[in-house]
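Structural features, examined
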Amino acid sequence: MNDRGYYGRFGGAYIPEILYATIEELTAVFEACRNDPAFWEEYKNIMSTYSCRPTPLTFAENLTAHFGGARIYIKREDLNHTGAHKANNVMGQGLLVKRMGKTRVIAETGAGQHGVATATMAARFGFDCTIYMGEVDVVRQRPNVFWMERLGAEVIPVRVGTRILKDAINEAFRDWVSNMDDTHYVLGTACGPHPFPEMVTYFQSIIGEEIKMQAMAAEGKLPNRIYACVGGGSNAMGAFHAFLDNPVDLIGVEAGGRGLESGRHASRLASKDGNIGVAQGYKTFFLQNSDGQMKETHSVAAGLDYVGVSPILSDLKERGRVRFEAATDKEVIDAMSLTIRKEGVIPALESAHAFVQAFKDAPALPKDDIIVINQSGRGDKDIFTIADAFDDPSWKAFIKTKAEEYNA
Ligand SMILES: *Cc1c(COP(=O)(O)O)cnc(C)c1O
């Protein structure tokens, strides 16, 4: 990264002038914390006493036997508090908010997972919390809205534009501009203006640091390959960062949706549909048309359904350091079913994308190769989508009964 927050051609901070002072304050506090070894200890302490760090590295003995190739390990980010790696980012930013002396946090959320994680952090630290969410998503993600409200957050449905994530992002920036004296914007992934990609990667890098130590302890060597799904790119950067200078293959897997040819996907780097542009405060590959209008994206996994991607990953793609692939919705459901049956762990639909590519590669790899799949989150949150995909008649009957109970 250069001093203006660029990674090669990507990144930067394209922000309204009025935000400069607050972004500069954030950058200064972040750099001070990053250079203070006591801060990382404080962070590790809260993550081990409030979440579940270090998360285990599980040897997938049955999947390894099933594919007959490389030894497969699963990094268990699903065991974090609130069920995903998102806890790493929000708790880290919470510590920065305390250092800055601010008292209020805001965030935007699409699927609701980042909203729940942020509201949880705010409850724990005693911050006021406002979550922006497109009106369409508020209806679709009712259980997450329920929990955000129980946690004390105010959830504001955004009624402008197409009433989804990108509209919520605009509203969150608007709020920040008017309230920056006491308010911090908790960005949810390794995207947005500098310093967010760098800062979110810093907190998430604990994933790869642990993988390194755990692989050495279990196998006496580094893994040969690491697989992670890519939405905005934070769990992938977290898993990859510690290995950038090691001879380890890094594979990011995007949402292939209905297939790359169908146009209904969220693959900015593995498909040919991504174009370099500037939006939402940073420069990267976006799924946009020739007028710069953002396209509609599709994925069975709500957390991967996003038009932009981390500028750090765009740069790593250009430099050929990370390989990008896409997994289709159907492949994801199959990989998820197999993983549940063989290992008794339930990956989130997002995480299952990484499993798809690992399963394609594993059989042809030498038996003493080690591969690690980052299980970014747990899949029990996805019960409605998964049950739908399995077309389970007793599940449909259950939903019908519930609907009748409500209407009675
Ligand atoms: C939010 C989410 C993602 C996508 O975010 P990244 O920033 O790409 O990591 C992936 N997996 C799970 C389980 C999530 O909740």
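All values derive from a computational prediction rather than experimental measurement. Per chain, the residues get numbers from 1 upward, laid out in the order the sequence is written. Totals for whole chains, interfaces and linings use every residue, but because this is a predicted model, local features are given only for residues with pLDDT of at least 70 and side-chain atom pairs only at 80 or more, for both listing and counting. Note that the side-chain values use all heavy atoms of the structure and ignore hydrogens as well as water.

Some remarks on unusual backbone geometry
The omega torsion across Arg53 and Pro54 is -10°, close enough to zero to call that bond cis. In this structure, Pro54 sits in the loop between helix H2 (37-49) and strand E3 (57-59). With an omega of 15°, the peptide bond between His194 and Pro195 qualifies as cis. When you line up the elements, Pro195 lands in the loop between strand E8 (183-185) and helix H9 (196-204). With a phi close to 60°, Arg163 is a non-glycine residue in the positive phi region. Residue placement: Arg163 occurs in the loop between strand E7 (154-158) and helix H8 (165-179). Only protein chains enter the accessibility calculation, which uses a 1.4 Å probe; a residue is then buried when its area is under 20% of its type maximum, exposed when over 50%, and partly exposed in between. Since its relative accessible area comes to 33%, Arg163 is described here as partly exposed. With phi around 50°, Gln280 is a residue other than glycine that occupies positive phi space. Each helix corresponds to a stretch of at least 4 residues labelled H or I by DSSP, and each strand to a stretch of at least 2 residues labelled E; elements are numbered beginning at the N terminus.

With respect to the domain arrangement of the protein chain
Interface size is often expressed as the accessible area that is lost when the parts come together. Split by domain assignment, the protein chain resolves into domain 1 (16-48 + 84-200) and domain 2 (54-81 + 205-398). Facing the 24 residues of domain 1 at the interface are 23 residues of domain 2. Across the domain 1/domain 2 interface, buried area totals approximately 1900 Å², and carbon plus sulfur atoms make up 67% of it. For any pair of parts, buried area is found by adding up, for both, the accessible area (1.4 Å probe) each one loses once the two are put together. Ranking the residues of domain 1 by area buried against domain 2 places Ala84, His85 and Cys191 at the top, with a combined share of 26%. Any carboxyl oxygen of Asp or Glu within 4 Å of a side-chain nitrogen of Lys or Arg constitutes a salt bridge here. Viewed at the interface, domain 2 and domain 1 are joined by zero salt bridges. As used in this structure description, the phrase polar contact means that two N or O atoms lie within 3.5 Å; if the pair is within protein, one of them must be able to donate a hydrogen and the other to accept it, and residues adjacent in sequence are counted only when both atoms belong to side chains. Linking domain 1 with domain 2 are six residue pairs in polar contact (both at pLDDT 80 or more), by the criterion used here. Sorting the residues of the side of domain 1 that touches domain 2 by element identifies H2, helix H4 (86-100), helix H5 (113-125), H8 and H9 as the ones contributing at least two each. Partitioning the side of domain 1 that touches domain 2 into residue classes produces 14 nonpolar, seven polar and three charged. Delimitation of the domains relies on an automatic or database domain assignment. Contact criterion: two residues are considered in contact whenever any of their non-hydrogen atoms come within 4.5 Å of each other. Each residue gets one of three labels, nonpolar for Ala, Val, Leu, Ile, Met, Phe, Trp, Tyr, Cys and Pro, charged for Asp, Glu, Lys and Arg, and polar for the others, Gly among them.

Some points on the packing of aromatic side chains
Each pair of aromatic rings taken from Phe, Tyr and Trp, with Trp reduced to its six-membered ring, is defined by centres within 6.5 Å and is described as stacked if the planes are under 30 degrees apart, edge-to-face if over 60, and tilted in the remaining cases. A complete count under the given rule lists 19 aromatic pairs for this structure. On the basis of an interplanar angle of 70° and a centroid distance of 5.4 Å, the ring pair of Phe30 and Tyr202 is categorised as edge-to-face. Taken together, the residues Phe30 in helix H1 (residues 20-34) and Tyr202 in helix H9 connect sequence positions 172 residues apart. This pair shows no difference in class: Phe30 is buried, exactly as Tyr202 is. Ring geometry for Phe173 versus Tyr185: centroids 5.1 Å apart, planes at 90°, classification edge-to-face.

Some remarks on a nonpolar patch on the surface
Like-charged residues are merged into a patch within 9 Å and nonpolar side chains (Val, Leu, Ile, Met, Phe, Trp, Tyr) within 5 Å, provided each residue has over 30% relative accessible area and no salt bridge. Note on areas: these come from Shrake-Rupley sampling with a 1.4 Å probe, and a residue is covered only by the protein chains present in the view. Together, Ile383, Phe384, Phe398 and Ile399 make up a nonpolar patch on the protein surface, roughly 350 Å² of accessible area in all. Mapped onto the elements, Ile383 comes out in helix H15 (residues 383-390). Note on Ile383: relative accessible area 41%, which makes it partly exposed.

A few points about the site of the ligand
A single heavy atom is enough: if one lies within 4 Å of a molecule or strand, its residue is considered near that molecule or strand. Of all residues adjacent to the ligand, which total 15 residues, the nearest are Lys86, Thr189, Gly231, Ser234 and Ser376. In this structure, an oxygen atom belonging to the ligand sits 2.5 Å away from a side-chain N or O atom of Lys86. Gly231 is positioned such that a nitrogen or oxygen atom in its backbone is 2.7 Å from an oxygen atom of the ligand. When isolated, the ligand has an accessible area of 380 Å², and the protein chains bury 96% of it. Within the shell around the ligand, the residues separate by chemical class into three nonpolar, 10 polar and two charged. Mapped onto the domain boundaries, the shell around the ligand takes at least three residues apiece from domain 1 (16-48 + 84-200) and domain 2 (54-81 + 205-398).

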